Amino acid sequence: MQGARRTARPGRQRLGWWLVAPTLVLLVGFNVFPLLYNVVLSFTNAELTGGERRSLGGANYGRVFRDPVFAGALRRTALFVASVVSAELILGLVLALALVKRFPGKHVVLTLLLIPMMLSPAVMGLFWGLILNGNYGILNQALGAAGLSQPQWLTDRDLKFWSIVLIDVWMWTPFMMLIALAGLGAIPPSIYEAAQIDRAGPWRVFWRITLPMTAPVLGLAVLFRATDALKQFDLVMATTGPNDASTQTLSTLLYQVVFRDGKVGLGSAFACTVLVVVMALATVFTRYIDRMQKTEAAA
Amino acid sequence: MNKLQSTWISTLLLTSLLSCGEKAPAPDAVGTDSKSGAKSAAKTPASQSPSPAAVPAPAGKQSITVWWFQWAPADGLAELGREFEAETQIAVKVEQIPLSSYQEKVFLEFGGSKTSFDVVIGDSQWIGRGASKGLYLELTQWLPTVVDLASIHPRAARYLCEYPEGSGKWFAAPCETDAVGMAYRKDWFEDAAEKAAFQKKYGRELRVPDTWEEFLQVATFFQRPADKRFGCAIPSDRAYDGLTMGFQNVLWAFGGTWHAENSNKVVGHLDTQGTIDAVEFYRQIVNLGPRGAERLDYGQVLEAFTNGSTAMLLNYFAFFPGIHKQFGNKVGFAVVPAHKGKRVASLGGQGFSISTKVPASQQELAKKFIAWFLQRKVQEKWITKPAGFTANAQILASPEFRALTPYNGPFADSIDSMRDFWNVPCFNELLSVTQRYVGMAVDGELPAREALQLLAEEKERILAEAGLL
């Protein structure tokens, strides 16, 4: 019997390969090949309208590192990620703490809170564009009716970036809340009971039990949100457009360079640089989370 | 059983791969429809792809596909296309693409081995790229055989059809000629109380502004946000070319320029006092619009005017039929204002260009349609369509054309003074930086002089990289 199993194993292995082959082909076709092709393009003068393509060596990369527009977009994206992720983390955790206990209508409240997250960012961007419109937007109409000043949310150079941050926080705080709720739900009640016996106060319980025990899950949520916020595109496109000096993120800069300027080679160099930065950040972050989880397990 | 499974899966995969191969069309299997033709040829291996001339004429029902952006003139062209079909049995499909994504869709098509359109009505600025990158079929030899080139207005020829400008090399035939003009609320201008108030405030009669200074004064007069009444709505959007096309009317009138008269040198020409004054002035009038007026695209400019809140608007004449339809006699039309006697209108409009990436048979059909369209009798029909602005100089100069609509007269008066932005192959990069830096100056993020110096340096870098400096 054992021998029969052993002889069947190479056949089963082959079958396994055949079964994963379509997925592998798709992965190579849609992920690996485009990535490698992008690297090749980044060393050329490729244009959107095609035409003769020649090698430029590292000229596109030289341009990337010299270009103040790229540096500006990088700084803006970093500020965007830091702002939205920290705001969403704090608000999401606060909401989760408020919703962790059972109360009548909890499911309705949860469902309502989750709605923004389930909507398309592009559609939400367009809606918020209407809401925040300085002239006929409902927000300014309401502010005007209340006798308050009516800021130009999407055109004032000091406000427009923060308006997009506000929309993103509105959309994605429920995601943080959901993850935080899952983390809070996983803490064994016995730990809280023990803390109660030891007469630990709520503040101490939060800092010593709740936060450390939800930290790995929250860390993952931060990683997800940070990588997602790094790609911010839809909201900027729908509210201020890709070429606005105050709101241009890396993704919209890429769109501008490739699709508006038609510079595919340069855009590919931008994309490769961004990829390296994102991978480096993600690696550092995942290692940090890993270490945090190990420390938690050891404790 | 395992062997059987793996054999079955291998067979399945092999069959799938083989059947994919079988679906590849033969080079001569180009359909009668240009779109299906495009798809078929795209699957043909590059080494076997036929040259346009090698493709046999399609049999059966013939058709050509024309791409244009989504607006009223495209409807008029589609109507004329049906007349052409009735005469020749060649169907004309006019596909309308939203303006916001028109450029990238067309450029992506050109990036492939075939285009879905046979004819593209391309923005005037595209012609340098279309001509120099081999995307547009050269029409220099053919066009004079179907139309008297002298009948085409020289400004339309220079900016819409020839590359380099005025070189006599034609890469487009004129389709829609357009310029920026002004629409104003005639009923407000003629209102006795408004006239008296204006007279009292400025010591002169309230009339349609003939100069930019008068425009500023009238816009300031009507700017009453508390009453939801605003002075003017002008293009200021940064997404494509709105701000630049609006600004140019002031730029040239104030003695500014994009580059040297006879070269592409920018530094020392763009960053001069005339351009700085023009930016400062544009900044003032942008702020005399509805809230958020520093980001109005062409549609939003129209909306600001047609919602009844704004006294004056600057926009392309092609958008004026809708305004006239809505307001009737309550609205008037005029040429853009002048500054110290200098009046220049920003050019709009597009020409027909034939794609080099379609079979020769389709190119011939496209030529037939363009030749038909350029006939005088068809041009006389074209001007009866909403915003069907011809490039035929004789028709433009005729009293019949002026009498046809209230905006035709100002349009005919504008055409002699219209100018265009860069139309060199790297125009889109030049446009991007112009939108960015002029936008920063208009928004007050940078002083005008500094923004224009940076813009000039950036433009020279782009032009040098493109080998144009």
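Residues numbered from 1 in each chain as written. Chains lettered and ligands numbered in written order. Predicted model: local features only at pLDDT ≥ 70, side-chain atom pairs only at ≥ 80, totals over all residues. Heavy atoms only, no water.

(A) The arrangement of the overall build of chain B in detail. If you tally the helices and strands in chain B, you get 20 helices and 9 strands. Once local pairs closer than 6 in sequence are excluded, the contacts in chain B between residues at least 24 apart make up 74%. Accessible area of chain B: about 18,100 Å², with a carbon and sulfur share of 54%. (Helix = DSSP H or I, 4+ residues; strand = E, 2+ residues; numbered from the N terminus. Contact = heavy atoms within 4.5 Å. Areas by Shrake-Rupley, 256 points an atom, 1.4 Å probe, with all protein chains shown as cover.)

(B) Here's a closer look at the overall build of chain A. The secondary structure content of chain A amounts to 12 helices and 0 strands. Overall, chain A shows an N-to-C arrangement of helices and strands of α-α-α-α-α-α-α-α-α-α-α-α. Computed over C-alpha atoms, the radius of gyration of chain A comes to 25 Å, more than 25% over the 19 Å expected from 2.2 N^0.38 for 299 residues, which places it beyond the range of a compact globule. Taken over the C-alpha atoms alone, chain A extends approximately 85 × 75 × 30 Å along its principal axes. For chain A, the proportion of its 299 residues judged to be buried stands at 42%. At a minimum sequence separation of 6, the contacts of chain A that also span at least 24 residues come to 66%. Side chains of chain A carry 26 positive and 15 negative charges; the gap between the two charge centres is 11 Å. (Rg over C-alpha atoms; globule rule 2.2 N^0.38 Å. Buried < 20%, exposed > 50% of the residue type's maximum accessible area, 1.4 Å probe, protein only. Lys, Arg positive; Asp, Glu negative; His and termini not counted. Charge placed at Lys NZ, Arg CZ, Asp CG, Glu CD.)

(C) Highlighting helix α10 (residues 242-253) of chain B. Of all the 12 residues making up α10 of chain B, 12 are buried; the element is thus mostly covered by neighbouring parts of the structure. At the exit of α10 of chain B stands Gly255 of chain B, carrying a positive phi of roughly 85°.

(D) Structural view of the side chain of Gln350 of chain B. Residue and element names in this part refer to chain B. Mapped onto the elements of the fold, Gln350 is located in strand β8 (residues 345-354). Taking the relative accessible area as the measure of exposure, Gln350 reaches 3% and is therefore buried. There is a polar contact of 3.1 Å between the side chain of Gln350 and the side chain of Trp68. In this structure, Gln350 is in contact with Trp68, Phe69, Trp71, Ile121, Gly122, Asp123, Leu160, Pro174, Cys175 and Glu176, ignoring residues within four places of it in sequence. (Polar contact = N/O pair within 3.5 Å; in protein donor to acceptor, adjacent residues only side chain to side chain.)

(E) Spotlight on the pairing of β8 of chain B. All names here are of chain B. With respect to burial, β8 is a largely interior element, 10 of its 10 residues being buried. Bridge count between strand β4 (residues 173-185) and β8: 6 bridges; the pairing is antiparallel. By the bridge assignment, Pro174 is partnered in β8 with Gly351. The sheet contact formed by β8 and strand β9 (residues 418-419) spans 2 bridges and is parallel. In the strand pairing of β9, Ser346 is matched with Arg419. (Pairing = 2+ DSSP bridges.)

(F) A look at the domain arrangement of chain B. Residue and element names in this part refer to chain B. Partitioning chain B into domains gives domain 1 (34-178 + 348-419) and domain 2 (179-347 + 423-465). A straight line from the C-alpha centre of domain 1 to that of domain 2 covers 29 Å. The interface of domain 1 with domain 2 comprises 34 residues on the first partner and 29 residues on the second. Summed over both sides, the interface of domain 1 with domain 2 buries roughly 2,700 Å², with 62% coming from carbon and sulfur. In terms of surface lost to domain 2, no three residues of domain 1 exceed Gln125, Tyr407 and Arg419, which account for 29% of the buried area on that side. Those elements that provide at least two residues to the side of domain 1 that touches domain 2 are α4 (99-111), α5 (127-132), α6 (154-161), β4, α18 (408-414) and β9. A class-by-class count of the residues in the side of domain 1 that touches domain 2 yields 17 nonpolar, 8 polar and 9 charged. (Domains from an automatic or database assignment. Buried area = accessible area lost by both parts, 1.4 Å probe. Nonpolar A, V, L, I, M, F, W, Y, C, P; charged D, E, K, R; others polar.)

(G) Layout of the interface of chain A and chain B. The interface is formed by 32 residues belonging to chain A together with 40 residues belonging to chain B. Carbon and sulfur atoms make up 46% of the surface buried where chain A meets chain B, a total of about 3,300 Å² over both sides. At the boundary of chain A with chain B, the tally comes to 7 salt bridges. Of the charged contacts in the structure, one is a salt bridge between Asp443 of chain B and Lys160 of chain A, with a shortest N-O distance of 3.8 Å. The interface formed by chain A and chain B holds 17 residue pairs in polar contact (both at pLDDT 80 or more) in total. Secondary structure elements with two or more residues in the side of chain A that touches chain B: α1 (2-41) and α11 (250-260) of chain A. It is α1 of chain A that contributes the most residues to the side of chain A that touches chain B, 5 residues altogether. Partitioning the side of chain A that touches chain B into residue classes produces 10 nonpolar, 13 polar and 9 charged. (Salt bridge = Lys/Arg side-chain N within 4 Å of Asp/Glu carboxyl O.)

(H) How the structure looks around the pattern of salt bridges. Residues and elements named next belong to chain B. Applying the stated criterion across every chain yields a total of 32 salt bridges over all chains. Of the charged contacts, one joins Glu364 and Lys367 as a salt bridge, the two residues approaching to 3.8 Å between their closest N and O atoms. Of this pair, Glu364 and Lys367 both sit in helix α14 (residues 360-374), 3 residues apart, roughly one helical turn. By relative accessible area, Glu364 is classed as partly exposed at 44%.

(I) Structural view of the packing of helix α3 (residues 68-99) of chain A against helix α7 (residues 160-185) of chain A. Residue and element names in this part refer to chain A. Where α3 contacts α7, the axes come no closer than 6 Å and their chain directions differ by 45°. If you check the angle between α3 and α7, you find them oblique. Remark: the crossing between α3 and α7 carries right-handed chirality. (Axes fitted to C-alpha atoms, helices over the stretch in contact; angles between N-to-C directions. Parallel < 35°, antiparallel > 145°, perpendicular 65-115°, else oblique. Left-handed = near helix turned anticlockwise from the far one by under 90°.)

(J) Geometry of the confidence of the model for chain B. Summing up the model confidence of chain B, the mean pLDDT is 88 and the portion of residues at 70 or higher is 87%. Residue range residues 1-57 of chain B is modelled with pLDDT below 50. Its contacts to residues more than four positions away, or to other chains, number 55 contacts. (pLDDT = per-residue confidence, 0-100.)

(K) How the structure looks around unusual backbone geometry. Residues and elements named next belong to chain B. The amide bond that connects Tyr163 to the next residue, Pro164, takes the cis arrangement and shows omega of -10°. Here Pro164 is to be found in the loop between α6 and β4. Here the phi dihedral of Gln89 falls at roughly 65°; this positive angle occurs in a residue that is not glycine. The phi torsion at Lys340 lies on the positive side, around 50°, for a residue other than glycine. In this structure, Lys340 sits in the loop between β7 (331-334) and β8.

(L) Molecular detail of α4 of chain B. Here α4 of chain B is 13 residues long and its end C-alpha atoms lie 19 Å apart, about the 18 Å a rise of 1.5 Å per residue gives. Of the residues making up α4 of chain B, those classed as buried are Ser101, Tyr102, Gln103, Glu104, Val106, Phe107, Glu109 and Phe110 of chain B. (Expected span 1.5 Å × (residues − 1).)

(M) Looking closely at the packing of aromatic side chains. For the structure on display, the rule yields 54 aromatic pairs over all chains. Between Phe233 of chain A and Tyr255 of chain A the ring centres are 5.7 Å apart and the planes differ by 65°, which places this aromatic pair in the edge-to-face class. Of the two residues, Phe233 of chain A is situated in the loop between α9 (202-230) and α10 (234-239) and Tyr255 of chain A in helix α11; the sequence distance between them amounts to 22 residues. For Phe233 of chain A, a relative accessible area of 26% gives the class partly exposed. The class of Tyr255 of chain A is buried, set by a relative accessible area of 10%. Above the face of the Phe221 of chain B ring, Arg224 of chain B is positioned so that its terminal group lies 4.9 Å from the ring centre. Over the aromatic face of Trp188 of chain B sits the side chain of Arg229 of chain B, whose NZ or CZ is 3.7 Å from the ring centroid. (Phe/Tyr/Trp six-rings, centres within 6.5 Å; stacked < 30°, edge-to-face > 60°. Lys NZ or Arg CZ within 6 Å of the ring centre and 35° of its normal.)

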